[in-house]
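Each chain, letter by letter, is given below.
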Amino acid sequence: MPPFRHLSDLELQGLSDDALIDQVRRARDSGEFDAVKLALRVLAFGHMDNVERRVRLKVPSDRVELVASNAMMSAITSAFNGQSVGEFHSWLHTIVDRRIADYHRRGRLDQVELPEEHTGDDTVWGQLPGVEDETGAIEVGNIVEELVAELSPVHREVVELAVFEQLSAAEVSLEVAAKFPAEKISADNVYKIAQRFRDSLRLRLESDDGS
Amino acid sequence: MTTPNTADRLLAEYVSECRGGGAADPTRYLAQLHGAERAELELLIDHFLMRQPRRSFDAAAFRGSPAESLVESLDASLRGQAGLWPALLPRLRHDAQLKRSDVVEQLAEALGATEQSEKVAGYYHQMEQGLLPPAGVSDKVLDALARIVNVSGAALRRAGAAITPAGASSPEHAVFARAVPAPEQDRAAEPTSPGTEPARDDVDRLFLGEG
């Protein structure tokens, strides 16, 4: 392994999440704790806002910071320990889903158990970081993820760009042509694919609501 | 193409606010809808947030943010030799709405060491600072502490082992460990240099092992 090298803020910004985790690990192994902190700052600051927003969708506001911080801490420490699965970005969001689920499971326990009965590994904001083997973490069911996964790669790209990136149909058509040269998706087709996706989503929501 | 529904319009507005650097509190948008439309918007925003790349580091915005607090916690854990205790113990204490002196008082009482509460305080401080090797801390201490902060002793034990001690194999670690000062009140609990170390009493053995 090459010797540890200090990186400037600009160089750190240019690293992927996984390369930042690696920088943290190598800086720590070299006893360069200031460099550890610099890399952690870029990683934590870069994701915290969106993690908090995701948690805010499902957790009462007075618990958002606790649950979000716990998720970030779990994701970073498990990645640091080599216990994460895949790229850090998707791993982080898997752990966020898990901590939100922990929070609600804990809430249900609170309703049926006496206080002295839940002095386990849970805290009010979910599992303690580092306490549970995170490698078993699975995606918590998300209808959007399921529907997107069912699409072909080209249609998936159309949905991501048209629905979630909010690009115009003409822009999506150009982007898709650049990424999939063999495919020709007209602006009209973009509308149809995006609309079918939204219709499927509404159908699933109504169906889930009915069941 | 059908007319976009309210969820589509609110998603577009949300994406725009996010990209414009606004607070982008999703609950403000969700509050405008009910039932299936609200569920749809929640899913769409959630998926959008999961796709967002890491934000560029901004030193001014970082100061005083939850991300800074997280980095400070992780930094203490990564520098120390007590796993996640430096990150978790203050948070658990805070969550239990206890001051450090409250924890120490209860811990000393649970250990039958009220006469040596100053020494217990010193050791507890070292646990929060990551200066005390978890291997030496007895189950009696961890179980008592766990009851005070509402988790399990086993969870605290695992959290202490969640990160390999800093520089476990590097000479820098020894230099750092010696360089971290303990507050005046904790001097009594500091191990003295080899050769002059007095015999361990019961409290020492509870926190340091039989030695």
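Thresholds, definitions, all that
Residues numbered from 1 in each chain as written. Chains lettered and ligands numbered in written order. Predicted model: local features only at pLDDT ≥ 70, side-chain atom pairs only at ≥ 80, totals over all residues. Helix = DSSP H or I, 4+ residues; strand = E, 2+ residues; numbered from the N terminus. Buried ≥ 20, exposed ≤ 12 C-beta atoms within 10 Å, placed from the backbone. Contact = placed C-beta atoms within 7 Å. Nonpolar A, V, L, I, M, F, W, Y, C, P; charged D, E, K, R; others polar. pLDDT = per-residue confidence, 0-100. Core = buried A, V, L, I, M, F, W, Y, C linked by C-beta atoms within 7 Å. Arc of directions from axis to C-beta.

1. Some remarks on the overall build of chain A
Helices and strands together make up the secondary structure of chain A, namely 9 helices and 2 strands. Starting at the N terminus and walking to the C terminus, you meet the elements of chain A as α-α-α-α-α-β-β-α-α-α-α. For chain A, the residues scored as buried account for 43% of the 211 residues in total. Residue pairs at least 24 apart in sequence account for 55% of intrachain contacts in chain A once pairs closer than 6 positions are excluded.

2. Brief notes about the interface of chain B and chain A
With 57 residues of chain B at the contact, the number on the chain A side is 53 residues. Breaking the side of chain B that touches chain A down by element, the ones donating at least two residues are helix H1 (6-19), helix H2 (26-30), helix H3 (35-51), helix H5 (66-79), helix H6 (85-95), helix H10 (153-160) and helix H11 (171-179) of chain B. Classifying every residue of the side of chain B that touches chain A gives 32 nonpolar, 12 polar and 13 charged.

3. Examining the confidence of the model for chain B
Fine structural detail should not be taken from predicted coordinates in areas where pLDDT scores are low. Residue and element names in this part refer to chain B. Looking at chain B as a whole, the pLDDT averages 84, with 82% of positions reaching at least 70. Mean pLDDT across the elements of chain B ranges from a minimum in H11, with 38, to a maximum in helix H7 (residues 100-110), with 97. Considering only residues more than four positions removed or in separate chains, one finds that residues 169-188, a stretch of pLDDT under 50, has 31 contacts. The ipTM, which scores confidence in the relative placement of chains, is 0.82 for this predicted complex, and the corresponding pTM is 0.80.

4. Observations concerning unusual backbone geometry
In the Ramachandran plot, A:Gln166 falls in the positive-phi region, its phi being about 60° despite a non-glycine side chain. By secondary structure assignment, the location of A:Gln166 is in the loop between helix H7 (153-164) and helix H8 (169-179). Phi at B:Asn150 is positive, roughly 65°, even though this residue is not glycine. With respect to the helices and strands, B:Asn150 occurs in the loop between helix H9 (139-149) and H10.

5. A short note on the nonpolar core
Core analysis: the largest hydrophobic core is formed by 74 residues, its most contacted members being A:Ala39, A:Ala44, A:Val67, A:Met72 and B:Val120. Within the second largest apolar cluster, 32 residues are counted, among which are B:Tyr14, B:Ala24, B:Leu41 and B:Leu49.

6. Some remarks on H10(B)
All names here are of chain B. Of all the residues in H10, the buried ones are Ala 155, Leu 156, Ala 159 and Gly 160. Buried residues along H10 cover an arc of 135° about the axis, so they all sit on one side. Packed against the buried residues of H10 are H6 and H9.

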